[in-house]
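Understanding the architecture of this molecule
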Amino acid sequence: TLGSVSLLQVASYGNGRIVKWSGYDWVFESLLGPVYGMDDLIWRGIVWAARKPFAMQGLPPMLTMRVDDVDGRGSALENNFLWINICNEFGIIPWLGLFVNNIPSEYMPTLRNLINNNRATASPHAYGYALGYNGFIYYNHDNIYNFDAAANVRESRDYFISNGLAMSNFVVPHYYEYSSDALAEIKNMGVDFIGVHWLPDLSYTPSPAWLNCGPYRINRNGTSATSDLRPVYYGDYITLNGVEFFNCLTEIRDDGGYEWFPTNSVYSTSSRGIRHLKRAFNSMVLASLFTHEASYIENITPDNWREILRIVTSGVADFNPEYTTIDYALRYIRAKKNMYITRVLEKSGTIEIHYSGNNDMDTKCYLFTEYGGQIYSSFVDLSQVNGHNIVSVPK
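Everything numeric here is computed off the predicted structure, so don't read it as measured data.

Rules behind the numbers
- Residues numbered from 1 in each chain as written.
- Predicted model: local features only at pLDDT ≥ 70, side-chain atom pairs only at ≥ 80, totals over all residues.
- Heavy atoms only, no water.
- Core = buried A, V, L, I, M, F, W, Y, C linked by side-chain atoms within 4.5 Å.
- Buried < 20%, exposed > 50% of the residue type's maximum accessible area, 1.4 Å probe, protein only.
- Helix = DSSP H or I, 4+ residues; strand = E, 2+ residues; numbered from the N terminus.
- Salt bridge = Lys/Arg side-chain N within 4 Å of Asp/Glu carboxyl O.
- Pairing = 2+ DSSP bridges.
- Contact = heavy atoms within 4.5 Å.
- Axes fitted to C-alpha atoms, helices over the stretch in contact; angles between N-to-C directions.
- 1 Å grid on protein atoms, 1.4 Å probe; cavity = no way out; pocket = protein on both sides within 12 Å on 5 of 7 lines; lining within 4 Å.
- Points joined across faces, edges and corners; volume = space filled by probe spheres on them.
- Nonpolar A, V, L, I, M, F, W, Y, C, P; charged D, E, K, R; others polar.
- Phe/Tyr/Trp six-rings, centres within 6.5 Å; stacked < 30°, edge-to-face > 60°.
- Lys NZ or Arg CZ within 6 Å of the ring centre and 35° of its normal.

Within the largest apolar cluster, 88 residues are counted, with the highest numbers of intra-cluster contacts made by M65, W83, L96, L98, L111, Y138 and W305. Among the elements that make up this core, the one with the highest residue count is helix 8 (residues 326-337) (six residues).

As a further point, take the pairing of strand 11 (residues 287-292). Buried residues dominate strand 11, accounting for six of its six residues. Here strand 11 shows a buried face lined by A287, L289 and T291 and a second buried face lined by S288, F290 and H292.

Applying the stated rule across the entire model yields 23 salt bridges. For E89, the salt bridge goes to R306, with nearest N and O atoms at 2.9 Å. Of this pair, E89 sits in helix 2 (residues 82-89) while R306 sits in helix 7 (residues 302-315), placing them 217 residues apart in sequence. A relative accessible area of 46% places E89 in the partly exposed class. On the accessibility criterion, R306 (30% relative accessible area) is partly exposed. Look at the salt bridges and you will find they share partners, linking K187, D192, R331, R334 and D360 into a network.

The subject of this paragraph is the sheet that holds strand 7 (residues 170-171). Strand order in the open sheet formed by four strands is 7-8-10-9, with mixed pairing between adjacent strands. The strands lining the two open edges of the sheet, one partner per strand, are strand 7 and strand 9 (232-240). Summarising the sheet, strand 8 (residues 193-194) and strand 10 (residues 243-251) pair through two bridges and their orientation is parallel. From the neighbouring strand, I194 faces strand 10, where its bridge partner is N247. Where helix 5 (residues 180-188) meets the sheet, its contacts fall on strand 7, strand 9 and strand 10, and the angle it forms with strand 10 comes to roughly 90°. The strands touched by helix 8 are strand 7, strand 8, strand 9 and strand 10; relative to strand 10, the strand with the most contacts, the crossing angle is about 115°.

Attention now moves to the layout of surface pockets. In this structure, the largest pocket spans a volume of roughly 600 Å³. What lines the largest pocket is a set of 25 residues, among which P215, Y216, S283, M284 and K336 lie closest to the centre. Listed by contribution, the elements that provide at least two residues to the lining of the largest pocket are helix 1 (39-49), strand 3 (54-56), strand 9 and helix 8. Top element by residues in the lining of the largest pocket is helix 1. It accounts for four residues. Within the lining of the largest pocket, the residues separate by chemical class into 15 nonpolar, five polar and five charged. Roughly 470 Å³ of internal volume is contained in the second largest pocket. Per-element tally for the lining of the second largest pocket: the top contributor is strand 16 (residues 374-382), with five residues. Looking at the lining of the second largest pocket residue by residue, the classes come out as 14 nonpolar, four polar and four charged.

Our next topic: the packing of aromatic side chains. Counted by the stated rule, this structure contains 24 aromatic pairs. Taken together, a centroid distance of 6.0 Å and an interplanar angle of 75° make the contact between Y176 and W198 edge-to-face. Note that Y176 is positioned in the loop between strand 7 and helix 5 and W198 in the loop between strand 8 and strand 9, a separation of 22 residues in sequence. Note on Y176: relative accessible area 2%, which makes it buried. Residue classification places W198 among the buried positions, given a relative accessible area of 1%. For the pair W260 and W305, a centre-to-centre distance of 5.9 Å together with 45° between the ring planes defines the contact as tilted. Residue W260 is found in the loop between strand 10 and helix 6 (266-283), and its partner W305 is found in helix 7; the two are separated by 45 residues along the sequence. The exposure class assigned to W260 is buried, which follows from its relative accessible area of 1%. Between R66 and the ring centre of F290, over which it is positioned, the NZ or CZ distance is 3.6 Å.

Another aspect to go through is the environment of G256. Within the fold, G256 resides in the loop between strand 10 and helix 6. In this structure the C-alpha to C-alpha distance between G256 and I103, which are 153 residues apart in sequence, comes to 30 Å. Setting aside residues no more than four positions away along its own chain, G256 makes contact with F261 and R272.

Pairing within the open sheet is antiparallel, and its three strands lie in the order 13-14-17. Both edges of this open sheet fall to strand 13 (339-346) and strand 17 (386-394), since each of them pairs with a single strand only. Sheet twist, expressed as the mean angle between neighbouring strand axes with direction ignored, is 20°. Across seven bridges, the pairing between strand 13 and strand 14 (residues 350-358) is antiparallel. Bridged to I341 within strand 14 is Y355.

In structure tokens, the structure reads:
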């Protein structure tokens, strides 16, 4: 409630339903903001009150994993990427932000097998820590003389080529730092998707202003600091120094901190992972278990890692998630952005869904129906569109 006034009220009216909001200040980050646990009240309220059948372009529950600072060396779990094999046992296909200079050559066959058989995806994250050097690729974090970000990107691309590694179309720079000089070469690597929080040529500290990027942070200002414990979701086009990318990432920051922070505590780690995924599913944003191999995964025993993933996947099974790569999920989110439903017609034996746009892959929409006061949902396939299309489904 806001004082003595209910925030949300519902009622029936004749054959219809009413959902009344008494305030919406909670949608602003100064109070709560998006992906803070209340988003589903909006879409569920609309679905409950709407005349059925009702079609909605919500994001299906896709389950992904993003792991930064990966080199496959260290503990028993980290050694030669054992943790990825355990992820695969549960259908999880992690995206890897690689420390390209730190991966032992004898581990390359394992990494190549994982990546080229769609059991993981990967792109260059940094060169890797060594002797006090942070090994940045995309930004001169360490103020190195004659640092050349564009040449670094080309060298990283060549590393993937020479080692026979398929390149992910998603890049997250180390510390999220990247320079203008790197952008064109990142695009030339075949990368369409990026995960960043601020504009180019800015350092992690002091914390820059966050990006104004959809769907939520449009003409809304705030700090991008990882110490800012407000959840964030980006999923929209952004032009950076004349180069267009689709910027997309999800971070649930108010529950445990900046990332998932898995530890050897099976209960706390699995519980937090379940909560992070459920928050994303309910908010209809990309669900991703986000962590780092160095410092976190490397400290977990193989048995505990397996048990953590078993509990997490069991804990979200009711959502019937689709286990997919981040690469696929980002393409899907972009394709959904590039089309829209124009109308829904109920006919004698069918339901027609009209949609328009220009995208590069098939998507789905939710179709909500109601019988005997019970609301049901199903997915309707919407084929790739260039212009206008209609799909008919039986009632």
